[in-house]
Amino acid sequence: MRILVFTTLFPNAAAPTHGVFVENRLRAYLEKYDADIRVVAPVPWFPFSQGVFGRYAVFARAPEQEVRDGVPVYHPRYALAPKIGMRRAPYSLAATLRRTLEEFRDDGWTPDLIDAHYLYPDGVAAASVARESNTPLALTARGSDVSHIPDFSEPRARILNAVVEADAVITVADALKSRLVELGAPADKITTLRNGVDLETFRPLDRERIRRVMDLSGPVVASVGHLIERKGHHLVIDALADIPDATLLIAGDGEERRALNAQAKRLGLSDRVRFLGAVPHEALSDIYNAADALVLASSREGWPNVLLEAMACGAPCVATNVWGNAEVISSPAAGALAPERSAGAIAGAVKGLLAAPPRRNAVRAHAEAHSWNETVYGMHGIFSELAGKAKRGRRIASTPIRTNFNGQPKLIVTVDTEEIFDWSDFSTGAFSLAAPDDIDGFQSLCEQMGARPLYFMTYPLLKSPNVACYYWAKADRGLADCGLHMHPWVTPPDEALTGEYYSYQKNYPATVRREKKHALADAYKSVFGRRASAHRAGRYGVARDSYPMLAEIGVRYDFSPSAGFDFSSTGGGDFTGYSNFPYRIVTPDGAVDVSPVTGARAIRHTQRFLSQETAPPGFAAPRRRPFTEPARLTPEGTSLDTLMALTRRLIADKTPVLTFTLHSTSLTKGANPYAPDAAGVDRILTVTRDYLSWFQNTVGGSFISLDELGALYNDRKDIAA
């Protein structure tokens, strides 16, 4: 298994304690499992390494590449501009990762998955590159990327988008998972895997000897972490004034050092507060062993390793009751939670702990229940599943279908034939059915024009004798073709997976998806007496691994991708880079020919369409085209002028088959937003009539049926039975 770990939170020779918790998890994983791992840990670019430049100089001193515990670690530089840096950082990091990944591939190394840590900006950048490269992605949320950064609207939207796009999300505390779900993330793809503790590095030592060497006596309290406001060292110093005879050890360095020193002097505590500076991670064991209690006064935390490390050395802890802290201090043996984040509350909790301390071996036992084993096993399960997905995906290749474009444009008319439901709510599965004769006006129009529409039918329609009989009669008389249209929320088996994310069938577990496809196919066969050969995924929710399932149920023609459109922000596919040309996917159960819903992107607020043919037909990476907007050939919300402009673009690109599409509910007044009333239905029919007439009489185009499409696509006789 090849794993690319991507994070800006990772130690390097110049900053050996930076992001050590990510390295610790990786080290624990490699102790149990073999994997070919490369770490890409970018650092901000800075030209000067002299100490006068502070933390920026540390960036400059980081090596370009190093090996840590046998793992190659790369530190490419990325631009991080002052003030606007965090807004632009996802773009800069994505460019850096993209460039590094290309270098790896040039060397013959392609990852099976990306394991990215910290949701913003790192996870957002990784999601972008993973989508482009079709690489499975696991994200790990660690703390303020959930507890603080989503307080800002733009990062929040981008974080949610990344979580939706990821194949798996790990949180280091249940509190972080709950918050992500509150923000709108799909709960079932999020797994809590708490950080463990290295029980060998952090263990009880000769406490009395350590205290003698450090010249300590009386109660000793430790506060460990970067010297920044949110870690709350200032509150611990204030609390110390109310803890007689206690010594406070502060391990860490940072921007608050001078202010904290001044605070200790002002309170007359200089002789009881020791600033130890940055302490190597392994050396913290002596501090924990010397301490009677560790205090963590943070305003926010994910799953703070420092608590478990102290407990593993026998030191009980006091912490603010925020985020994951309560999940670590979950019993009296672990210590106590301060009822509020204030110096007084912290002092009270520390004094209570010092007055009746738990036995240090009991504290150690609490930490032993949090080894890395459970986390590592969970990681391996997720990574194995994603690596398998990558391998399956690489086996599902597409090849262009060669057609003879003779200069006469061809068009197939398709209809997403569905139940009536609330398009803004995917939580209930409530629906009703339109009267079948609502379709009569449209069907008659197609017959007059010589077009044979292709109706993609959902499960509720197929199970309604009245509705199913109407479409069977049209197909039996050769006036229409029919196929499958899966709305997963109304297709059995029923699953407790609701919300917009699960309106896309591709987001269901593979076993459930397969069952739903078989249920839909069986319902179709019971009506028409044969298997359906055509399919369109509801809401265009198709994925690469859908095609073997489609071939398995007899589908030979798929019309799911929507060229030029991006649905990834809500969990759907990103088809911005897709060609409008057809392509073929060969599976063990037969070939599936894919005809994208033809579309393109126009310069915003104009009818100047750009060519969509920037990549070969088939699966394609997303393509960013700023200041453009997509359109497809549909009478729904699209003017006749726009339809004609798009058609001219498609013809100029020599698109073999154009797809005109609409929803059946647009022909029933009040059934969807495109047809709020009778006038809306009339508009749909008028635009349809005018466009089909223009296409046939002015452009000189012809209409094509499903059978004729099959003949055009190389007469499939030698491909599938």
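Residues numbered from 1 in each chain as written. Predicted model: local features only at pLDDT ≥ 70, side-chain atom pairs only at ≥ 80, totals over all residues. Heavy atoms only, no water.

### Some words on the sheet that holds strand 16 (residues 335–338)
Each strand in a sheet pairs with its neighbour through backbone hydrogen bonds, running either in the same direction (parallel) or in the opposite one (antiparallel).
Step number 1: Sheet architecture is open: 6 strands sit in the order 13-12-11-14-15-16, paired in parallel fashion. The two strands at the open ends of the sheet, each matched to only one other strand, are strand 13 (273–277) and strand 16. Direction aside, the axes of adjacent strands within the sheet are offset by 20 degrees on average.
Step number 2: As judged from the 5 bridges shared by strand 11 (residues 220–224) and strand 12 (residues 247–251), these two strands associate in the parallel manner. Bridging across to strand 12, V220 finds its partner in T247. (Pairing = 2+ DSSP bridges. Helix = DSSP H or I, 4+ residues; strand = E, 2+ residues; numbered from the N terminus. Axes fitted to C-alpha atoms, helices over the stretch in contact; angles between N-to-C directions.)

### Some remarks on the pairing of strand 21 (residues 534–537)
Step number 1: Of the two faces of strand 21, the one holding A534 and R536 and the one holding H535 and A537 are both buried throughout.
Step number 2: Two strands pair when backbone bridges link them, and strand 20 (residues 481–486) and strand 21 are joined in this way by 3 bridges, in the parallel orientation. Note that in strand 21 the partner of L484 across the bridge is H535.
Step number 3: Bridge analysis of strand 21 against strand 22 (residues 557–558) gives 2 bridges, and the strand direction is parallel. Of the residues in strand 22, the one forming a bridge with H535 is D558.
Step number 4: As for the winding sense of the linkage, the β-α-β connection from strand 21 through helix 21 (residues 546–552) to strand 22 is right-handed. (Buried < 20%, exposed > 50% of the residue type's maximum accessible area, 1.4 Å probe, protein only. Right-handed = clockwise from strand over helix to strand, strands pointing away.)

### With respect to the packing of aromatic side chains
Step number 1: Under the counting rule described, the total for this entry stands at 28 aromatic pairs.
Step number 2: Taking the centre distance of 6.2 Å and the plane angle of 55 degrees together, the rings of F421 and F426 count as tilted.
Step number 3: Between the aromatic rings of F426 and W489, the centroid separation amounts to 5.1 Å while the plane-to-plane angle is 75 degrees, which identifies the pairing as edge-to-face. Separated by 63 residues along the polypeptide, F426 in the loop between strand 18 (410–417) and helix 17 (440–449) and W489 in the loop between strand 20 and helix 20 (510–528) bring together distant segments of the chain.
Step number 4: Judged by its relative accessible area of 15%, W489 is buried.
Step number 5: Among the aromatic residues, those joined into a ring-pair cluster are F421, W423, F426, W489 and Y674. (Phe/Tyr/Trp six-rings, centres within 6.5 Å; stacked < 30°, edge-to-face > 60°.)

### Topic: the nonpolar core
Within soluble globular proteins, side chains that are nonpolar generally end up buried alongside one another.
Step number 1: Counting residues in each nonpolar core, the largest one holds 101 residues, and the members touching the most others are F6, L180, L307 and M311.
Step number 2: It is helix 4 (residues 119–133) that provides the largest number of residues to this core, a total of 8 residues.
Step number 3: Not counting the four nearest positions on each side in its chain, F6 is found in contact with V40, P42, L93, L97, I114, D115, A116, H117, D122, A125 and A126.
Step number 4: Core analysis: the second largest hydrophobic core is formed by 71 residues, Y471, L484, A521 and Y524 among them. (Core = buried A, V, L, I, M, F, W, Y, C linked by side-chain atoms within 4.5 Å. Contact = heavy atoms within 4.5 Å.)

### Comments concerning the pattern of salt bridges
Step number 1: According to the stated counting rule, one finds 30 salt bridges in the structure shown.
Step number 2: Put simply, R536 and D416 hold a salt bridge, and the shortest N to O gap is 2.8 Å. One end of the pair, R536, is in strand 21; the other, D416, is in strand 18, with 120 residues separating them in the sequence. D416 matches R536 in its accessibility class, with the two residues each being buried.
Step number 3: Members of the salt-bridge network, linked through shared partners, are E23, R27, E66, R68 and D69. (Salt bridge = Lys/Arg side-chain N within 4 Å of Asp/Glu carboxyl O.)

### Focus on the confidence of the model for the protein
Step number 1: In the predicted model, the protein carries a mean pLDDT of 93, and 98% of its residues have values of at least 70.
Step number 2: Every residue in residues 716–721 is under pLDDT 50, and counting partners more than four places away or in other chains gives 11 contacts. (pLDDT = per-residue confidence, 0-100.)

### What about the side chain of S666?
Step number 1: Tracing the backbone through its elements, the reader meets S666 in the loop between strand 27 (658–663) and helix 23 (678–698).
Step number 2: Judged by its relative accessible area of 0%, S666 is buried.
Step number 3: Polar side-chain contacts of S666 include one of 2.6 Å to the side chain of E636.
Step number 4: When sequence neighbours within four positions are dropped, the list of residues in contact with S666 reads E636, N672, Y674, A675, V681 and I684. (Polar contact = N/O pair within 3.5 Å; in protein donor to acceptor, adjacent residues only side chain to side chain.)

### Focus on the sheet that holds strand 5 (residues 71–74)
Step number 1: Taking strand neighbours across the sheet as the criterion, the 8 strands line up as 4-5-2-1-7-8-9-10 in an open arrangement whose pairing is mixed. At either margin of the open sheet sits one strand with a lone partner, and together these are strand 4 (65–68) and strand 10 (190–192). Averaged over all adjacent pairs, the angle separating strand axes in this sheet is 25 degrees, with direction ignored.
Step number 2: Direction of pairing for strand 7 (residues 113–117) relative to strand 8 (residues 137–141): parallel, over a ladder of 4 bridges. Note on strand 8: the bridge partner recorded for D115 is A138.
Step number 3: Seen against the sheet, helix 1 (residues 20–32) touches strand 1 (2–6), strand 2 (36–40), strand 4, strand 5, strand 7, strand 8 and strand 9 (168–171) and runs at an angle of roughly 175 degrees to strand 2.
Step number 4: Strands in contact with helix 7 (residues 174–183) are strand 8, strand 9 and strand 10; relative to strand 10, the strand with the most contacts, it is inclined by about 160 degrees.

### What about the state of the cysteines?
Step number 1: Here the structure, examined in full by the defined rule, presents 0 disulfides.
Step number 2: Free cysteine: C469, not disulfide-bonded; nearest cysteine sulfur from C482 at 12 Å.
Step number 3: By relative accessible area, C469 is classed as partly exposed at 47%. (Disulfide = S-S within 2.5 Å.)

### Re the environment of G324
Step number 1: Following the sequence through the fold, G324 ends up in the loop between strand 15 (317–320) and helix 13 (325–328).
Step number 2: Placed 130 residues apart in sequence, G324 and R194 show a C-alpha to C-alpha distance of 9.4 Å.
Step number 3: Residues in contact with G324, not counting those within four places in the same chain, are A173, A175, E301, G302, W303 and P304.

### Examining the packing of helix 22 (residues 640–652) against helix 23
Step number 1: Close contact between helix 22 and helix 23 brings their axes to 10 Å; oriented N to C, the two are set at 35 degrees. Seen along the crossing, helix 22 lies across helix 23 with a hand that is right-handed. Counting all contacts with helix 22, which are made through L640, L643, M644, T647 and R648, the residues of helix 23 involved are V687, D690, Y691, W694 and F695.
Step number 2: Of the residues that constitute the contact of helix 22 with helix 23, the class distribution is 7 nonpolar, 1 polar and 2 charged. (Left-handed = near helix turned anticlockwise from the far one by under 90°. Nonpolar A, V, L, I, M, F, W, Y, C, P; charged D, E, K, R; others polar.)

### A short note on the side chain of R142
Step number 1: For R142, the location among the structural elements is in the loop between strand 8 and helix 5 (144–147).
Step number 2: Despite being buried, R142 has no salt bridge partner; D145 is the closest side chain of opposite charge, sitting 7.1 Å away.
Step number 3: Within the structure, R142 has its side chain in polar contact with the side chain of H117 (distance 3.2 Å).
Step number 4: Residues contacting R142, with those up to four places away along its chain left out, are F21, V22, R25, H117, Y118, V172, L176, N195, G302 and W303. (Lys, Arg positive; Asp, Glu negative; His and termini not counted.)

### As for unusual backbone geometry
Step number 1: Between Y120 and the following residue, P121, the backbone shows a cis peptide bond with an omega angle of 5 degrees.
Step number 2: In this fold, P121 is placed in helix 4.
Step number 3: One non-glycine residue with positive phi stands out, namely W323, at about 45 degrees.
Step number 4: Relative to the helices and strands, W323 is located in the loop between strand 15 and helix 13.
Step number 5: Relative accessible area serves as the criterion here: at 26%, W323 is assigned to the partly exposed category.
Step number 6: Located in the positive-phi region is F627, a residue other than glycine, with phi close to 65 degrees.
Step number 7: Along the chain, F627 turns up in the loop between strand 25 (599–603) and strand 26 (628–632).

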